[in-house]
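Notes for the structure review
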Amino acid sequence: MELIHIYMTQNDIGGTLLTEIQIRNRPVVPYVRQTHRSKFTPRAIRYNNSQVGLKDILLLGMRDFKIEPYGKDCKLFVSVECAMKPDKQKNSVKRIDIDNIYKAVSDAMNNVIYYDDRQIYHARIRKFKSDINNIYIKIDNRYDTEPDNVILENMSQSAIKY
């Protein structure tokens, strides 16, 4: 088994708190929807064990790198990039839904990096093939609602009326 490496930084840049996280040699196990019965299936057990492990890695990294969690009132921007090493299945990177990757990472950060994932107002996710499994995460509290309002206004003005 390969050693898992974690690196974290947190900088206050003009009132914006920017946190960067890199986790090497750690695959992301995609989110699995679970009902009362299905939480004991092999896929659900694998996902739940992965969540516990990822949360522990994040907690240790925050302690070792002296990272402060975001407060309850912060509106956050989150960027997640997953470099994925293909497994034995053909096209395994293509088969994994990108929203399930994001859900797995954001759930692991709940009550660790931020209070709740309801604080995330803007998210960006990307997956790509790589020779090694890596997770790159950037979080900042510079989210501003005004640009979205401008975009929505422009979209409604240019929309075709039916």
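You'll find the structure just up there.
As the structure is a computational prediction, the values presented were derived from the model and not from experiment. (Residues numbered from 1 in each chain as written. Predicted model: local features only at pLDDT ≥ 70, side-chain atom pairs only at ≥ 80, totals over all residues. Heavy atoms only, no water.)

Packing of helix 1 (residues 42-64) against helix 3 (residues 98-109) brings their axes to within 9 Å, and their N-to-C directions diverge by 50°. Our classification of the angle between helix 1 and helix 3 gives oblique. Handedness of the crossing formed by helix 1 with helix 3: right-handed. Where helix 1 approaches helix 3, its residues Y47, Q51, L54, K55 and L58 are matched on the opposing element by K103, A104, D107, A108 and M109. The residue makeup of the contact of helix 1 with helix 3, split by class, is six nonpolar, one polar and three charged. (Axes fitted to C-alpha atoms, helices over the stretch in contact; angles between N-to-C directions. Helix = DSSP H or I, 4+ residues; strand = E, 2+ residues; numbered from the N terminus. Parallel < 35°, antiparallel > 145°, perpendicular 65-115°, else oblique. Left-handed = near helix turned anticlockwise from the far one by under 90°. Contact = heavy atoms within 4.5 Å. Nonpolar A, V, L, I, M, F, W, Y, C, P; charged D, E, K, R; others polar.)

Sheet topology places strand 1 (residues 5-13) next to strand 2 (residues 16-24); nine bridges connect them, and they run antiparallel. Note on strand 2: the bridge partner recorded for N11 is L18. Joining the antiparallel neighbours strand 1 and strand 2 is a turn of two residues, in which G14 adopts a positive phi near 55°. (Pairing = 2+ DSSP bridges.)

So, about the packing of aromatic side chains. Across all of its chains, the model carries two aromatic pairs by this definition. For the ring pair Y7 and F65, a centre distance of 5.6 Å and an interplane angle of 80° mean the geometry is edge-to-face. Of this pair, Y7 sits in strand 1 while F65 is found in the loop between helix 1 and strand 3 (76-84), placing the two residues 58 residues apart along the sequence. Residue classification places F65 among the partly exposed positions, given a relative accessible area of 32%. When the ring of Y31 is compared with that of Y47, the centres are 5.6 Å apart and the planes differ by 90°; the resulting orientation is edge-to-face. Taken together, the residues Y31 in the loop between strand 2 and helix 1 and Y47 in helix 1 connect sequence positions 16 residues apart. For Y47, a relative accessible area of 4% gives the class buried. (Phe/Tyr/Trp six-rings, centres within 6.5 Å; stacked < 30°, edge-to-face > 60°. Buried < 20%, exposed > 50% of the residue type's maximum accessible area, 1.4 Å probe, protein only.)

Turning our attention to the pattern of salt bridges. One pass over the full model with this rule turns up seven salt bridges. K103 is the partner of D117 in a salt bridge, and the nearest nitrogen-oxygen pair spans 4.0 Å. Here K103 lies in helix 3 and D117 lies in the loop between helix 3 and strand 4 (120-129), a separation of 14 residues in the sequence. Look at K103 and you get partly exposed, because its relative accessible area is 31%. One continuous salt-bridge network, built from bridges that share partners, spans E81, R124 and R126. (Salt bridge = Lys/Arg side-chain N within 4 Å of Asp/Glu carboxyl O.)

Another aspect to go through is the nonpolar core. Taken as a class, soluble globular proteins show a tendency for nonpolar side chains to be buried jointly. I21, L58, V78, M109, I113, I137 and I139 are the most contacted members of the largest nonpolar core, which has 33 residues in total. Those elements that provide at least two residues to this core are strand 2, helix 1, strand 3, helix 3 and strand 5 (134-140). Ranked by residue count, the leading element in this core is helix 3, at six residues. Non-local contacts of L58, meaning those with residues more than four positions away in its chain, are made with I6, M8, I21, I23, A108, M109 and V112. (Core = buried A, V, L, I, M, F, W, Y, C linked by side-chain atoms within 4.5 Å.)

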